[in-house]
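Structure at a glance
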Amino acid sequence: MLRMTCQRPWRRRDHTSGFADQDDYIRNDFVKEFGVNANVDMTTIDARVLPPPAFLTLYSLFWLLHLMYHDSGRAKTIRPQTGQWNAQHADTLYGRIPLLTDIPTIIFGADVTHPQSGEDQGPSIAAVVASMDRPTVVTFRGLVSAQLHRLEVIEGLFRVKEDPKRGITQAGMIRELLLAFKASTGLKPLRIIFFRDACSSLEDGYLPPVTFIVVQKRHNTRLFPTNDQDHMDKSGNILPGTVVETGICRPSEHDLLSMQPCRNSRCTSRPVHYGVLLDENKFSADALQMLANDLCYTYARCTRTVSIVPPAYYAHLAAFRARFYLERSGARYEGGSSTGPDDSRIELPEIDPAVKYVMLRC
């Protein structure tokens, strides 16, 4: 089954075209009766390839490339080969990722994992991560919480509590991560970029502009290169950094398809759909595209690019690991069925304070 699903791009393209020819949509009597025209040829769309990020290095021996970098040399600026190098390995002086160096910016990522199909009980696990450094944006902290069965909305993002002495106070995962960012950098974030969902208050009157971006990878869209060898990699996939923003995207919304192939010679890479739900920062389309592309070069677990932005990736890993801890703890869930409302909750096991705020590279 895995061999059937993991097909080289040209084999998948020919297989898809073969299905269309076999079904014979053009000469089908029912299609003709309803006046429907079907085009079995694949749509040709315009795209562009974004360059990899450039990083200015310190005067040091770079162990990976075995080169000496200095202001007087020709190679003081590193520009990795497209899709084949990760910025985590550079001893960088400035990250030079747009939208992150001008003012203090915090990047959030969020994800929710649900029980396996067929389970009508058991909590969903929500995870939220946030960057804790600037301007490199390579260190993240994460928080997790359990919530109702199959609930997609993250309940613990922000809460309002009533304290007998202090009155109404703000709480929740967003506030906790904002305070952690301030403690780590000594600065309040003046810009928030959120890859998924919502925001709380750090203090009275603190309302930084927020940009909400939805990351979607579960879809059936595939992009195939033309026969031009310059527009494909060795596996036959389109080049990393390829962006499609016209033709198959929504004309009335700010969305795009971005490609960071997994560089597996046996599979057809799947593009990631980014949809901007809210943009109070008034970013241009080019700026957001460059941001997503550059962030894919900063993933901490590998030396290549990844297909989705690391904040969303880290949130997925944190939620998956929290579910593993929940199962290992033997905790039982007594409610939360999808057949009706239930206010039952389950608490996740306490994390040791020594590792609570350590970047979890699970």
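Residues numbered from 1 in each chain as written. Predicted model: local features only at pLDDT ≥ 70, side-chain atom pairs only at ≥ 80, totals over all residues. Heavy atoms only, no water.

As a further point, take the overall build of the protein chain. Along its length, the protein chain carries six helices and 16 strands. Expressed as a percentage of the 362 residues in the protein chain, the buried residues total 43%. Residue pairs in contact within the protein chain that sit at least 24 positions apart in sequence constitute 63% of those at least 6 positions apart. (Helix = DSSP H or I, 4+ residues; strand = E, 2+ residues; numbered from the N terminus. Buried < 20%, exposed > 50% of the residue type's maximum accessible area, 1.4 Å probe, protein only. Contact = heavy atoms within 4.5 Å.)

Let us now look at the side chain of His149. Along the chain, His149 falls in the loop between strand 9 (140–147) and strand 10 (159–163). Classification of His149 as buried rests on a relative accessible area of 6%. Among the polar contacts made by the side chain of His149, one reaches the main-chain carbonyl oxygen of Gly122 at a distance of 2.9 Å. (Polar contact = N/O pair within 3.5 Å; in protein donor to acceptor, adjacent residues only side chain to side chain.)

Here the focus is the pairing of strand 11 (residues 167–171). Judged from the five bridges that link them, strand 10 and strand 11 form a sheet pairing that is antiparallel. Residue pairing in the sheet places Glu162 in a bridge with Ile168 of strand 11. (Pairing = 2+ DSSP bridges.)

For the rest of this paragraph, the subject is the confidence of the model for the protein chain. On average, the protein chain scores 77 in pLDDT, and the residues at 70 or more come to 75%. Counting interchain partners and residues more than four positions distant, the pLDDT-below-50 stretch residues 57–75 has 32 contacts. Long-range and interchain partners of residues 333–344, a stretch whose pLDDT sits below 50, account for 21 contacts in this model, where long-range means more than four residues apart. (pLDDT = per-residue confidence, 0-100.)

Moving on, we get to a nonpolar patch on the surface. A surface patch of nonpolar side chains, about 250 Å² in accessible area, is lined by Val214, Leu277 and Leu278. Along the chain, Val214 falls in strand 13 (residues 210–216). (Patch = residues over 30% accessible without salt bridge, like charges linked within 9 Å, V, L, I, M, F, W, Y side chains within 5 Å. Areas by Shrake-Rupley, 256 points an atom, 1.4 Å probe, with all protein chains shown as cover. Salt bridge = Lys/Arg side-chain N within 4 Å of Asp/Glu carboxyl O.)

Turning our attention to the sheet that holds strand 1 (residues 48–49). Here nine strands make up an open sheet; going across it, the order is 1-14-15-16-13-12-7-8-9 and the pairing mixed. Every interior strand has two partners, whereas the edge strands, strand 1 and strand 9, have only one.

Turning to its location among the elements, Ser235 is positioned in the loop between strand 13 and strand 14 (242–244). A distance of 3.0 Å separates the side chain of Ser235 from the side chain of Asn237, its partner in a polar contact.

What follows is about unusual backbone geometry. For Arg150, which is not glycine, the phi torsion reads 60° and is therefore positive. Along the chain, the position of Arg150 falls in the loop between strand 9 and strand 10. Assessed through its relative accessible area of 36%, Arg150 is described here as partly exposed. Positive phi, normally seen in glycine, also occurs at Lys282, with a value near 60°.

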